[in-house]
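Each chain, letter by letter, is given below.
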Amino acid sequence: MSSVAIQSTFPNMWVPDSQKDEDYHKQAVLAILGQTVSNGYIPNLYTAMDKSMNFYNGDYDLSKKFDFIQKDYNGRSLPALWINFNKIRNKINLMEGEVAIQKLEVTCKTLNRDAQSRKMKKKAQIMAEKIMSMVMPQIDPMGEIIETKEPSFIPYSEEELELYMKSSYKEPIERAMDSIIRYEIERDRYTQTRLSIWRDILITGRGIAKHELKHGKPHIRRIDPRYVIVDPYVFDDSFSTAAFIGEWRYAPITEVCDTYGLNMDELSRIKSDQGSWMWSGYSQNGTNFLLPYIMINNQLMCLVFYAEWRDIRQVKAKVTVDQYGGEHVKILGKNEKGKITEKEKELGGRVETRNVETIRKATMLGSNIVKEWGEANNIVRDSVDNPIRAEYSYTIVSPQYINFRSVSKVEEMSALQEFKDLIMYTVQQEMSTAGRKGFVYDLRYKPDNLQLQDVMYYLKTAGIAFTSSGQEGVPPAGNPFPTIDTGISNSINLYLNLAGYIDVEIDKISGINDARQGFQKDNSLVGVSQMAVMQSSLITQPLNKSLEIFENELLQKYANYIKTIFPFIKDQYEPILSEIGVDLLEIDEDIPLQDYGIFVRVNSDDIMNNRQRFESIVMAAVQSNSVSLADAMVLLYNPDTKEAVKKFLALTDRKSAQSQQMQEQQMAMQQQLSQQQILGDTEKQIQVDRARSENKGQLQVLREELKNRTMEQQTQLDMLKKEQEQNFNLIMEAL
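Residues numbered from 1 in each chain as written. Predicted model: local features only at pLDDT ≥ 70, side-chain atom pairs only at ≥ 80, totals over all residues. Heavy atoms only, no water.

Undergrad: Mind laying out the overall build of the chain, listing which residues take part and the relevant values?
TA: Within the chain, the regular secondary structure consists of 22 helices and 18 strands. Here the chain holds 735 residues, and 41% of them are scored as buried. Once local pairs closer than 6 in sequence are excluded, the contacts in the chain between residues at least 24 apart make up 74%. Put simply, the chain shows about 42800 Å² of open surface, and 53% of that area lies on carbon and sulfur atoms. (Helix = DSSP H or I, 4+ residues; strand = E, 2+ residues; numbered from the N terminus. Buried < 20%, exposed > 50% of the residue type's maximum accessible area, 1.4 Å probe, protein only. Contact = heavy atoms within 4.5 Å. Areas by Shrake-Rupley, 256 points an atom, 1.4 Å probe, with all protein chains shown as cover.)

Here it is, written out as structure tokens:
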């Protein structure tokens, strides 16, 4: 059977879609392998990542690397065992624990033009309600007072309104998507996936996740970075300009046959090729890499390589123009005509042909069998207003990506870990070959009547040594038993000090020192320990920021993926939306037509003292009745300290405005009481004059005066009413 030659160039993507058949997708997959695997880039990267994984687990075998120091001149093994004193895992686990206790806050905002215009209208409506509540006449034409409905929110300043629109106000579509994202994060156990991705970043220097459907529900899957093939010629840490991406694995042949429907002919084609189709038996460190199939425990395992790459497709698009002049583009289906109304034509609406980016996929089994090829399903696009760019189902982060790779924390510490293991092996040799204290016994001093075993017996039992000073005729001078020491020498202390120096260097690289681990010296000050914790945390801050950016991008794609498949899975979200008072029937058609911004925040500022100071200020405000207890709880549970401070200032401004308003109301009430008292005294005086007056003419005059006074008051009331109506009309015209 002839083998398929690998290539390094992609097929022409500008050919019509009708010519992008199975062979087109097969050539694209071979080009991906040619640009990454055959030149050794992916095998070398896999080896480096796998080594870091083994260092983290303590499984990396260094005994072969240092075999030359484990044997004597005769080739016999020295009396010591090679033991991995793994300190790397402890450092990584502590950094993972710091992320595990972080409070993750995920919020959703609509970002497209229609959503922004709706929010501007809502802002104008709030301002109108505020003005109307202040100057709107509250008297109907009959002269009776009307009790108007109080608005849900009345801002006391323009800054408070801006803060409300930015942080608190959410339209029904935003609240719906916000609840859906929170529900999916809990249901999908995203916190565990998040920790796994963070662990991959620390160990291999790269974190990868994929959004997909699992049992009919959206799912975020963590991908092992060792088994991912991605375009290395990119210039950012998120691989946003990557031309292709894929993942490979070995699967049992029974699973492959059931999943992809292989027949006997295709199965025999896999077994008959041993890998010359790729790189003529390319091997990495003597081990074949990415063979079409391998045997594990007498079980045939088939290579499964899934790939995605960017492509071009011509589509018909309906372009409409809104009242603000912004264009909205909707890609039409194959059988969709996209009618343009007369009103849309007047504003510049049209149907045109455009070249848009798309994602194509293919799965290669073994060496030359391609399955499930074609355009990817449920493609996530960057915008509903201009859907030109397509996004992969994969999200990648590789912090500090330079010269086609990133260096992980484990890789930085691996050389020091090797050196420490070598030092501890040497310490074992010193301990195993060490003797103990003794003395030199000159046999010529042994008495003739004692055998050597007798002397040894008395030495062991009674600690007595016998000599005969006159036996040779010359008495011994000085101590006849000079002592010797074959025990552990001072060199072992030097080895241990050197091992301690290695530990300090590992602490510097990882940023996990004694203070950060919770170990505090007895004579160290609290401020010094806090400074040590803060400075050591700065070493890992770039990685934490990379994780935060990665999560924003990942959940951004996840939200767009949910809105893409929302028409097919919307029924399962109905109970969730009913809990927040949103009717699914009112928004089910609008959710896929919005752009959503997902913002992820963590309580990283808790490392500093700003949070503690803010909490103390809030508690002091509660004690002085400047802030209510309910508002204080809302402020303290807000993970974003800066936003919480803004809300706190807005609450204090509102409190002072309310106090000033209450004072004005009290003054108005006192003035009204004074006027009523004056009117009451006048009526009493009229009644007294009426009773005393015996002249009917004078009584008639008093009646006329009272009538005229009443008519004057009614005229003034009518003029006031007319003036208020004119003010209201002017306000409505201005709005």
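Undergrad: Break down the nonpolar core for me, citing the residues and quoting the values.
TA: Judged by nonpolar contacts, the single largest core of 51 residues is most densely connected at Ile-92, Trp-198 and Leu-555. In terms of residue count, helix α16 (residues 526-569) provides more of this core than any other element does, twelve residues in total. If you look at the next biggest cluster of nonpolar residues, it comprises 43 residues, including Val-29, Met-364, Ile-379 and Tyr-401. (Core = buried A, V, L, I, M, F, W, Y, C linked by side-chain atoms within 4.5 Å.)

Undergrad: Explain the pairing of strand β11 (residues 350-365) to me, using residue names and the numbers behind them.
TA: Inspection of the sheet shows strand β9 (residues 299-321) paired to β11 by 16 bridges, in the antiparallel sense. Bridge pairing in β11 places Tyr-306 opposite Thr-363. Across five bridges, the pairing between β11 and strand β12 (residues 369-375) is antiparallel. The partner of Lys-361 across the bridge, within β12, is Gly-374. Counting the residues that bridge the hairpin from β11 to β12 gives three residues, and of these Gly-366 lies at a positive phi of roughly 70°. (Pairing = 2+ DSSP bridges.)

Undergrad: I'd love a proper account of the packing of helix α2 (residues 41-57) against helix α7 (residues 190-204), names of residues and values included.
TA: Angle between the axes and distance between the axes: these two values describe a pair of packed helices. The interhelical angle for the contact between α2 and α7, taken along N-to-C directions, is 105°, at an axis separation of 9 Å. Between α2 and α7, the angle falls in the class roughly perpendicular. Counting all contacts with α2, which are made through Met-49, Ser-52, Met-53 and Tyr-56, the residues of α7 involved are Arg-199, Asp-200, Ile-203 and Thr-204. Class assignment for the residues of the contact of α2 with α7 results in four nonpolar, two polar and two charged. (Axes fitted to C-alpha atoms, helices over the stretch in contact; angles between N-to-C directions. Parallel < 35°, antiparallel > 145°, perpendicular 65-115°, else oblique. Nonpolar A, V, L, I, M, F, W, Y, C, P; charged D, E, K, R; others polar.)

Undergrad: Describe the state of the cysteines, naming the residues involved and giving the relevant values.
TA: In this structure the tally under the stated criterion is zero disulfides. Of all cysteine sulfurs in the structure, the one in Cys-302 sits closest to Cys-257, which takes part in no disulfide; the separation is 8.2 Å. Exposure remark for Cys-257: the relative accessible area of 21% places this residue in the partly exposed category. (Disulfide = S-S within 2.5 Å.)

Undergrad: Explain the packing of helix α3 (residues 88-100) against α7 to me, and be specific about the residues and the numbers.
TA: Closest axis-to-axis distance for the α3/α7 pair is 10 Å, and the angle between their directions is 145°. Crossing geometry of α3 relative to α7 is assigned as right-handed. Two secondary-structure elements touch here, α3 through Ile-92, Met-95, Glu-96, Val-99 and Ala-100 and α7 through Arg-194, Leu-195, Trp-198, Arg-199, Leu-202 and Ile-203. (Left-handed = near helix turned anticlockwise from the far one by under 90°.)

Undergrad: Before we move on, can you summarise unusual backbone geometry with the specific residues and values?
TA: Positioned with a positive phi, Asn-298 is a non-glycine residue whose angle comes to about 60°. Secondary-structure assignment places Asn-298 in the loop between β8 (293-296) and β9. For Gln-400, which is not glycine, the phi torsion reads 55° and is therefore positive. With respect to the helices, strands and loops of the structure, Gln-400 is situated in the loop between β15 (394-397) and α12 (409-433).

Undergrad: Provide a residue-level description of the pattern of salt bridges, including the pertinent values.
TA: Per the stated rule, a full pass over the model turns up 30 salt bridges. With its nearest N and O atoms 3.0 Å apart, the salt bridge here joins Arg-310 to Glu-357. Of this pair, Arg-310 sits in strand β9 while Glu-357 sits in strand β11, placing them 47 residues apart in sequence. Per residue, the accessibility class of Arg-310 equals that of Glu-357, and both read buried. Salt bridges sharing partners connect three or more residues here, namely Lys-87, Lys-91, Lys-420, Asp-503 and Asp-507. (Salt bridge = Lys/Arg side-chain N within 4 Å of Asp/Glu carboxyl O.)

Any functional reading would require information that these geometric values do not contain.
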